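Below are the chains, spelled out letter by letter.
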Amino acid sequence: GGATHRVVHVVGHSNSAGSAELPLPDPLSHRVSALGGWPDAQSTGLRDPSLLKPSGSVTVTTNGAVVENLDITGSISINADNVTVRNVRVTNDNAKYLINIASGRSGILIEDVELNGRRIATHGIVHSGYTARRVNMYAVGDGFRAGSNTVIEDSWVHDLGHDGTYDPAPHLDAVQSMGGTNITI
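Our subject in this report is the structure included herewith. If you're wondering where the values come from, they're calculated on a predicted model, not measured in any experiment.

## Some remarks on the overall build of the protein
From N to C terminus, the protein includes zero helices and 18 strands. Here the protein holds 185 residues, and the buried ones make up 44% of them. If you take every contact in the protein between residues at least 6 apart in sequence, the share linking residues at least 24 apart comes to 46%. Here the protein displays about 8700 Å² of accessible surface, and carbon together with sulfur accounts for 50% of that area.

Written as structure tokens, this is what we have:
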């Protein structure tokens, strides 16, 4: 796996308060599951795989950053607010978490993402302050760790599994919460 760390630049423009405004249109609202509305391979995951560029692990420290169109071997660490992760594939190289959101962060949007834990990762997406939309996640011990201020919608967690690398006695959950408020699934 790649050991590259990339600082992601901010896109969009600033409003009068100085925070980044990012247009977040939903061009995929027309995607419909073959199963009559339940998330599946047709309605989740990458919006356009042809746009992906290879990358190693990504660490985000810039508020308002956008991580987009990457094929990541490794993981994503987010230590910033109002970050968008879109049209990204993450294939684990040996990480405990595929997307790790630092404590106290908010406004994280993760959409149209494919997460492959390779049965090594204990969790796909962890902690609080995020919205996950149209995520296709597999081969992880637990899919989502849902803390406070978390929304999970139209996502598909399947083929769970963990080899015991980070947890010698795993049990498997699509969504796990250790408590919190304002959690919507």
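## Describing the environment of Leu160
Take Leu160: it is sitting in the loop between strand 16 (156–158) and strand 17 (173–176). For the pair Leu160 and Gly143, spaced 17 residues apart in sequence, the C-alpha separation works out to 7.9 Å. For Leu160, the residues in contact, after removing those within four places along its chain, are Arg119, Ala139, Val140, Gly141, Gly143, Leu172, Asp173 and Ala174.

## A closer look at the sheet that holds strand 9 (residues 97–101)
If you trace the six strands from one edge of the open sheet to the other, you get 4-7-9-11-14-17, paired in parallel fashion. Edge positions in the sheet fall to strand 4 (58–60) and strand 17, since each has one partner strand and no second. Pairwise comparison of adjacent strand axes, ignoring direction, gives a mean angle of 10° for this sheet.

## Things to note about the pairing of strand 6 (residues 70–73)
Burial along strand 6 is one-sided: the face carrying Leu70 and Ile72 is buried and the face carrying Asp71 and Thr73 is not. Two strands pair when backbone bridges link them, and strand 3 (residues 53–55) and strand 6 are joined in this way by three bridges, in the parallel orientation. Its bridge partner lying in strand 6, Lys53 is registered against Leu70. Bridge count for strand 6 against strand 8 (residues 84–91) is three bridges, and the pairing is parallel. Note that in strand 8 the partner of Asp71 across the bridge is Arg89.

Cut-offs and rules
Residues numbered from 1 in each chain as written. Predicted model: local features only at pLDDT ≥ 70, side-chain atom pairs only at ≥ 80, totals over all residues. Heavy atoms only, no water. Helix = DSSP H or I, 4+ residues; strand = E, 2+ residues; numbered from the N terminus. Buried < 20%, exposed > 50% of the residue type's maximum accessible area, 1.4 Å probe, protein only. Contact = heavy atoms within 4.5 Å. Areas by Shrake-Rupley, 256 points an atom, 1.4 Å probe, with all protein chains shown as cover. Pairing = 2+ DSSP bridges. Axes fitted to C-alpha atoms, helices over the stretch in contact; angles between N-to-C directions.

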